[in-house]
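The residues making up each chain are set out below.
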Amino acid sequence: MIQPLAYIHPQAKIADNVVIEPFVTIHKDVEIGEGSWIGSNSVIMDGARIGKNCRVFPGAVVSAPPQDLKYKGEPSTVTIGDNTVIRECVTLNRGTALDKNTTTIGSNCLLMAYVHVAHDCVIGDNVIIANSVQLAGHINVYDHAFIGGTSAVHQFVEIGAHSMISGGSLVRKDVPPYTKAGREPLSYIGINSVGLRRRGFSAETINEIQEIYRIIFLKKYNVTKALDIIEAQFSPTIERDEIINFVQNSQRGIMKGFGTV
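Residues numbered from 1 in each chain as written. Predicted model: local features only at pLDDT ≥ 70, side-chain atom pairs only at ≥ 80, totals over all residues. Heavy atoms only, no water.

Per an unreviewed UniProt entry, the recorded name for the chain is Acyl-ACP--UDP-N-acetylglucosamine O-acyltransferase, and the organism is Mucilaginibacter litoreus.

In structure tokens, the structure reads:
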């Protein structure tokens, strides 16, 4: 299952049934789980922890040192969950000791060609990141989020679960869960109702999420007032509480509402 033209450090930990194509380079401090496939001309560097049944396509570089001048060569990692696909020429930088010491990619993710994920990012499960998206350091992307192609995301931004960001976006502010984001500057353009229906959310829950965001984004209240109204008018639910917690804890501030300057 390992081609003779590949270079694999003898101390790398390669599980059973891993396919390694010609001209792959695998460094010393690497672990690869069962059933994974590593395509030709990809480079798996020290600190890579790749799960089961992953696919790494040609030209990808996994666990390169971070492009951070504060990085001093300390040991750190990139962790990739099971069943995740890393397409051509994706670059994944490992973490730094000044933050999480690891960069994390969840399970069942798809990172399309030319995506860059910088140091100390955390990407949840079932996330899709389209071609040429660039993620700066310290970004959190929550489960089931979708980021459209050629988007650029500022460091420390939070992208909520089940959200959808239009292609070509400049993401400077946090994107709350369940929303769709687009335009320039990045703004609320509705909730991700199609994605929510596909994932089994009931019509009642989707309608409640929509009403909550009308208060936040369309009624022209400030954020504090909007959250007070939501807590008073809506009974506690997982979705309501997730939205409130996300907005309350936003460090960079959330994206603009529709039609605001």
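After presenting the structure, the write-up continues.
1. Focus: the overall build of the chain
Helices and strands together make up the secondary structure of the chain, namely four helices and 27 strands. Along the longest, intermediate and shortest principal axes, the C-alpha atoms of the chain span 65 × 40 × 30 Å. Looking at the 261 residues of the chain, the share that counts as buried comes to 48%. Taking contacts inside the chain between residues at least 6 apart in sequence as the whole, the part at least 24 apart equals 31%. Accessible surface, the chain: about 12,100 Å² in total, of which carbon and sulfur atoms supply 52%. Distance between charge centres in the chain, computed from 24 positive and 25 negative side chains, equals 7 Å. (Helix = DSSP H or I, 4+ residues; strand = E, 2+ residues; numbered from the N terminus. Buried < 20%, exposed > 50% of the residue type's maximum accessible area, 1.4 Å probe, protein only. Contact = heavy atoms within 4.5 Å. Areas by Shrake-Rupley, 256 points an atom, 1.4 Å probe, with all protein chains shown as cover. Lys, Arg positive; Asp, Glu negative; His and termini not counted. Charge placed at Lys NZ, Arg CZ, Asp CG, Glu CD.)

2. Quick look at the pairing of strand 27 (residues 187–191)
The element strand 27 is extensively covered by neighbouring structure, given that four of its five residues are classed as buried. Once strand 26 (residues 179–182) ends, the chain turns through four residues before running back antiparallel as strand 27, passing Arg183 with a positive phi of about 70°. (Pairing = 2+ DSSP bridges.)

3. Quick notes on the packing of aromatic side chains
Counted under the stated rule, the structure contains six aromatic pairs. When the centroid spacing of 5.1 Å and the interplanar angle of 70° are considered together, the rings of Trp37 and Phe57 count as edge-to-face. Placement of Trp37 in strand 6 (residues 37–38) and of Phe57 in the loop between strand 9 (55–56) and strand 10 (61–64) is noted, with a sequence separation of 20 residues between them. For Phe57, a relative accessible area of 13% translates into the label buried. Taken together, a centroid distance of 5.8 Å and an interplanar angle of 35° make the contact between Tyr188 and Tyr213 tilted. Of this pair, Tyr188 sits in strand 27 while Tyr213 sits in helix 2 (residues 203–218); the two residues are 25 residues apart in sequence, bridging distant segments of the chain. These aromatic residues form a ring-pair network of at least three members: Tyr188, Tyr213 and Phe217. Stacked on the ring of Trp37, the Lys or Arg Arg55 has its end atom at 4.8 Å from the ring centre. One Lys or Arg, Arg87, reaches over the ring of Phe57 and ends 3.9 Å from the middle of that ring. (Phe/Tyr/Trp six-rings, centres within 6.5 Å; stacked < 30°, edge-to-face > 60°. Lys NZ or Arg CZ within 6 Å of the ring centre and 35° of its normal.)

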